[in-house]
There are 2 protein chains.
Amino acid sequence: MTELKDYLREKKELLEKALDEYLPPENIYPEALYQSMRYSIYAGGKRLRPILALTACEAVGGNWQKVLPVACALEMIHTYSLIHDDLPGMDNDDYRRGKLTNHKVYGEGIAILAGCALLTYSFEMLAKRCSAFVDSATIVRVIGEIGEAAGMAGMIAGQVVDLQSEGQETSLETLKYIHAHKTGALLRCSLRVGAIIGDASQAQLDKLTIYAEKLGLAFQIMDDILDLVGDEKKLGKKVGSDLAKEKATYPAFYGIEKSKEMARQLVEEAKKELDDLGEKGKVLSLLADYFVQREY
Amino acid sequence: MTELKDYLREKKELLEKALDEYLPPENIYPEALYQSMRYSIYAGGKRLRPILALTACEAVGGNWQKVLPVACALEMIHTYSLIHDDLPGMDNDDYRRGKLTNHKVYGEGIAILAGCALLTYSFEMLAKRCSAFVDSATIVRVIGEIGEAAGMAGMIAGQVVDLQSEGQETSLETLKYIHAHKTGALLRCSLRVGAIIGDASQAQLDKLTIYAEKLGLAFQIMDDILDLVGDEKKLGKKVGSDLAKEKATYPAFYGIEKSKEMARQLVEEAKKELDDLGEKGKVLSLLADYFVQREY
């Protein structure tokens, strides 16, 4: 695990440096917009999605540097979704990761606009910053995959159903839909676009997609559990806040122990999909274990 | 003008049919999202941006059918910006074009999400629906242009400054910034991407860009005037509502007559840029006159 932690630290630093280079400085007019964008990008976060993209590329034998703009675009899209999820018209959260949410600092209007600016810039960046390493047809394919995952059939649909489910009795089927779309779709996409840029074969891409789907669900189950039992300080948000809003969660349906067991089982299944990658798949295998054992 | 009106009617019908084909049906789960997207797409509108894209393509000798997905993407982005502008955290408007605004019908959360879904889908569509007519390198270029125009250095920057100017004394410089960014950038982009897909020469593209910038400003000045003196019923929003919020407008700085004269002057200058296009530039020339004489 020390090896993996070093890997994660190294990639995280590298990504945060790249994000800093891609994002415009804060002193451009209108400053509040750029400050608001950077505030949420640098409000913490594991950089899981971009790390998965880089690692998937390496796992199929590609050069991770080719994925860097795509990885940063994925992190910007993830950040936009967090800014908007916290808005008064959505979950109405004042804190995230122990810091004030974007709209509490910059106001609701700027927060909405900063989110949309990150979303829009992610596509602009894909179009403008990849062409040195990736051919146009692949860029177009990647933009299509990311648009689909982040959009109305993916992340946004998940957030719509999540929003509609608040305060309602929610079926297990609906809970699964929310997880698969709200968080699963972009995680899945992160692995896929990394692998596509790494020139994965169709068979490799199919297996990594299944790995991603199982890992995404395991990750979400652990998130639900951590929210329920976690240490408020460690997590940086009010523990049990999902439960307080009567949000559907895995532990609410299955209990904590059964949910943990399901997450572990999913991780084992996910790791099996990596068999054909041999030694190159090792980091993805370690990542799967790490993100389900986590206590951060 | 009868000829132009027929042209506009024909293109508008064609675009609305294309939008209907590109947008998913309303009966997909979660229905509220798809209904909300369609509600605002079909809440009226001149389809000015997509018409400019089609017409620019024809003006440089291209086939307008190649621009259809791009034109629809531009209209989706324009619609997303209207949905978000009306939100309680922005202009807080209850009506637009005589109809309830999106959030008054679907709620704030869904309205934010429907806006972002239209924005995201526009990029997805560019990536997935153009490849039959347009080569990948051009698609990537068009996505870059649209991202830039709609994003933090374009439309969003304009909305940020507009938001910050409300209730403040606003300089003429700031007013010009707002117009050039909030509405000008996407209008300019609409002409440019149409011309790019039509395989315009650099000289043609440069001239059409100047045409677009002048037309965009003229259009905005007329919008300011119409808002001030217009017929409430015709415009479908509360007349003088910008003034009531102390928004900066051209007539507030220059008076109505001087503003009209400035708009007419800009249109004349814009039309000069079309000279080299000869007969092919005629529709753009008529359009410039039409949109400044308008009383719709």
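Definitions and limits used
Residues numbered from 1 in each chain as written. Chains lettered and ligands numbered in written order. Predicted model: local features only at pLDDT ≥ 70, side-chain atom pairs only at ≥ 80, totals over all residues. Helix = DSSP H or I, 4+ residues; strand = E, 2+ residues; numbered from the N terminus. Rg over C-alpha atoms; globule rule 2.2 N^0.38 Å. Buried ≥ 20, exposed ≤ 12 C-beta atoms within 10 Å, placed from the backbone. Contact = placed C-beta atoms within 7 Å. Nonpolar A, V, L, I, M, F, W, Y, C, P; charged D, E, K, R; others polar. Least-squares fit on C-alpha atoms with pLDDT ≥ 70 in both. Expected span 1.5 Å × (residues − 1). Axes fitted to C-alpha atoms, helices over the stretch in contact; angles between N-to-C directions. Parallel < 35°, antiparallel > 145°, perpendicular 65-115°, else oblique. pLDDT = per-residue confidence, 0-100.

> Explain the overall build of chain A to me, please; I cannot follow it from the model alone.
Helix and strand counts for chain A come out as 15 helices and two strands. Relative to its length of 296 residues, chain A is compact, with a C-alpha radius of gyration of 18 Å against a globular reference of 19 Å. For chain A, the proportion of its 296 residues judged to be buried stands at 55%. Here the contacts in chain A between residues at least 6 apart in sequence split such that 69% fall between residues at least 24 apart.

> How do you make sense of the interface of chain B and chain A when you look at a structure like this?
Interfaces are often described in size by the accessible area the parts lose on coming together. Facing the 40 residues of chain B at the interface are 40 residues of chain A. Mapped by element, the contributors of at least two residues to the side of chain B that touches chain A are α2 (31–41), α6 (108–129), α7 (136–150) and α8 (155–165) of chain B. Across the side of chain B that touches chain A, the residue classes break down as 25 nonpolar, 11 polar and four charged.

> What should I look at first to understand the relation of the copies chain B and chain A in this one?
Each of the two copies of the chain can be brought onto the other by a rotation about an axis and a shift along it. Once chain B is rotated about the relating axis by 180° and shifted along it by 0.0 Å, it coincides with chain A to within an RMSD of 0.0 Å. Within this description, the copies of the chain are treated as partners about a two-fold rotation axis. No C-alpha of chain B lies nearer the rotation axis than that of S136 of chain B, which sits 2.7 Å from it. Here 100% of the contact residues of chain B are again contact residues in chain A; the copies associate through an equivalent surface.

> What exactly am I supposed to notice about α6 of chain B here?
It helps to recall that an α-helix has 3.6 residues per turn; residues three or four apart then point in one direction. Taking 1.5 Å of rise per residue, 22 residues should cover 32 Å, and α6 of chain B covers 30 Å from first to last C-alpha, within 8% of that figure. Taken across its 22 residues, α6 of chain B has 20 buried, putting it largely inside the fold.

> Just checking my understanding: could you explain unusual backbone geometry for this structure?
Leaving glycine out, the prevailing phi sign among residues is negative, and the prevailing peptide bond configuration is trans. Residues and elements named next belong to chain A. Residue P30 is reached from Y29 by a cis peptide bond, and omega for that bond is -5°. Looking at the element boundaries, P30 is found in the loop between α1 (2–22) and α2 (31–41). Phi at R47 takes a positive value of approximately 60°, unusual for a residue other than glycine. Mapped onto the fold, R47 is located in the loop between α2 and α3 (48–59). Residue classification places R47 among the buried positions, given that 22 C-beta atoms sit within 10 Å.

> I keep staring at the environment of A252 of chain B and nothing clicks. Help me out?
Tracing the sequence through the fold places A252 of chain B in helix α13 (residues 250–254). Between the alpha carbons of A252 of chain B and I196 of chain B there is a distance of 37 Å; along the sequence they are 56 residues apart.

> Whenever I open this one, α3 of chain A confuses me. Can you help?
Residues and elements named next belong to chain A. Counted at 1.5 Å a residue, the expected span for α3 with its 12 residues is 16 Å, and the 16 Å between its end C-alpha atoms agrees. Along α3, 11 of the 12 residues are buried, which leaves the element largely enclosed by surrounding structure. Among the residues of α3, those classed as buried are L48, R49, P50, I51, L52, A53, L54, T55, A56, C57 and A59. Next to the buried residues of α3 lie α1, α4 (68–85), α9 (172–197), α10 (202–229) and α15 (282–293).

> Looking at this structure, I do not really get the packing of helix α7 (residues 136–150) of chain A against α9 of chain A. What am I missing?
Geometrically, a packed helix pair is captured by the angle between its two axes and the distance between the axes. Residues and elements named next belong to chain A. Interhelical geometry of α7 versus α9 gives an angle of 170° and a closest axis separation of 9 Å. By the angle between their axes, α7 is roughly antiparallel relative to α9. Residue-level contacts link T138, R141, V142, E145, I146, A149 and A150 of α7 to A185, L186, R188, C189, R192, V193, I196 and I197 of α9. Here the residues of the contact of α7 with α9 are counted per class, giving 10 nonpolar, one polar and four charged.

> Explanation requested: the confidence of the model for chain A in the structure shown.
If pLDDT is low for a region, its predicted coordinates should not be looked at in detail. Of the residues in chain A, 93% reach a pLDDT of 70 or more, and the chain-wide mean stands at 92. For this predicted complex, the interface score ipTM comes out at 0.94, alongside a pTM of 0.95.

> Help me understand the environment of S36 of chain B, please; the structure alone is not making it clear to me.
Residues and elements named next belong to chain B. Residue placement: S36 occurs in helix α2. In the structure, S36 is positioned 78 residues away from A114 in sequence and 6.1 Å away in space, judged by C-alpha atoms. The residues touching S36, leaving out its near neighbours within four places in the chain, are N102, Y106, I110, A111 and A114.

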